[in-house]
Amino acid sequence: MELSFSGRGTCESDMISSWELLPNHIWETILSYLPISTLFPMKAVSKRFNSLIQSHSFRVAYAQVSHPDLYFVLFADFYRKDVAAAYNPIENKWVLLPLSFFSPSSPTTCCKLQCALVSSGALVLAEDRNGSMVVANLFTKNYKSIPPVIPSMTTQPYVIAIIDLHSSFKILAVSNADRIYSQMYDSETNSWRVTGMHKGRFAMLGSAVYLDDFFFCLTHGPDKLLYFELSSGLWGSINVAIPSVVCSHLLKHQEALVLVGGIEELGVMKRIGIWELDNVERQWRLICFMPDHLFSKLGHGNFSHFNVVDRQGKICFCKRGSALVLMYDLLEKMWWWLPPCPLGSWLGMNSWFGHALEPRIDVLI
């Protein structure tokens, strides 16, 4: 088939005009296949693209396409650049996410972030510089201020978990004194309500993992595995011995609980291990230890504490104040070092952000 151009050659303006003639439903189909890190810069191309990407019909179309997006938001510069650095393990590259969309013009929030508290799915619960809580989607640049937690008669409540329910979300906060008191925030009612309590004095509660309507969390001093049932609002404990580890982190992988922790000898951390909970035998089974040469490089010879971030079977390890990040894939049984973070040499002074996100555009907050 021969195309006729009426005796004149094509030019860039002709091509742009031709693309602009495509109807919206064709553009929706084309754009729906883009990963979210590429999609949102497209909003700046034209007013038409901006309007289309924010439309309900496009959100529906985008949700029907599989996007294997996964980002480990590992570091952030909250003071100089207002930017977070996110690592994409699928493409093995870093992406910079601006945090400046927290505008001081909003009457409900102070704006700029001070630190991130917990995350789930596509959402991050953060604290702004006034000490108020904000839930944000770093990719869609939507955010919502959260009312203050209900004051406690014992200790100041603190957040241990957020659950992303796609069109809504819930937040779990606890007070930990002579016993555990809890309260739950529901985005649909925009309010907190007091839930159950658990008898027992604990020095500390770790962050919670959500699995099949239950939040699971580790306690320290003494070490126990507790659960909170979302539907009933009740607490309980699981009768399972916790391995003798320090700096423990509770994760989940393929509907199972995973424990990461360090093993000490004479008060010095010598190894880092990964265990999986056997629900039938009610015991933790060792998956593997971090290889000694990787452990030595990660710790720089002085290892007392490390951070862990996980999602979809991939676990990031980082020592606070260091730019080195080590990743382990539970499925592939592979270890690798992440490429250098683009935030550069000032990275060691930045706040550790430490959250894994599966970005979507259909989160309504």
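The following paragraphs examine the structure supplied in this document. Computed from a predicted model, the values in this text were never measured in an experiment.

The rules behind each value
Residues numbered from 1 in each chain as written. Predicted model: local features only at pLDDT ≥ 70, side-chain atom pairs only at ≥ 80, totals over all residues. Heavy atoms only, no water. Salt bridge = Lys/Arg side-chain N within 4 Å of Asp/Glu carboxyl O. Helix = DSSP H or I, 4+ residues; strand = E, 2+ residues; numbered from the N terminus. Polar contact = N/O pair within 3.5 Å; in protein donor to acceptor, adjacent residues only side chain to side chain. Contact = heavy atoms within 4.5 Å. Pairing = 2+ DSSP bridges. Axes fitted to C-alpha atoms, helices over the stretch in contact; angles between N-to-C directions.

Quick look at the pattern of salt bridges now. Pairing is possible between side chains of opposite charge, provided their charged atoms come close. By the definition in use, this model includes six salt bridges. Ionic pairing is found between Arg285 and Asp278, a salt bridge with its closest N-O pair at 2.8 Å.

Take the side chain of Asn88 next. Its location among the elements puts Asn88 in strand S2 (residues 83-88). At 3.3 Å, the side chain of Asn88 and the backbone nitrogen of Glu91 are in polar contact. Leave out the neighbours within four places in its chain, and Asn88 touches Leu70, Tyr71 and Lys93.

On to the sheet that holds strand S22 (residues 314-318). Strand order in the open sheet made by the four strands is S21-S22-S23-S24, with antiparallel pairing throughout. One side of each edge strand has no neighbouring strand; the edge strands of this open sheet are strand S21 (307-311) and strand S24 (334-337). The sheet shows a mean angle of 20° between the axes of neighbouring strands, taken without regard to direction. Pairing analysis gives four bridges linking strand S23 (residues 325-329) to S24, with the strands arranged antiparallel. Among the inter-strand pairings, Met327 is bridged to a residue of S24, identified as Trp336.

Moving on, we come to the sheet that holds strand S4 (residues 113-120). Strands sit in the order S4-S5-S6-S7 across an open sheet of four strands; the sheet is antiparallel. Bordering the open sheet on either side are S4 and strand S7 (142-146), each of which pairs with just one other strand. The mean inter-strand angle of the sheet, taken between neighbouring strand axes irrespective of direction, is 30°. Relative to strand S5 (residues 123-128), S4 is paired through six bridges, and the arrangement is antiparallel. Bridge pairing in S5 places Val118 opposite Leu125.

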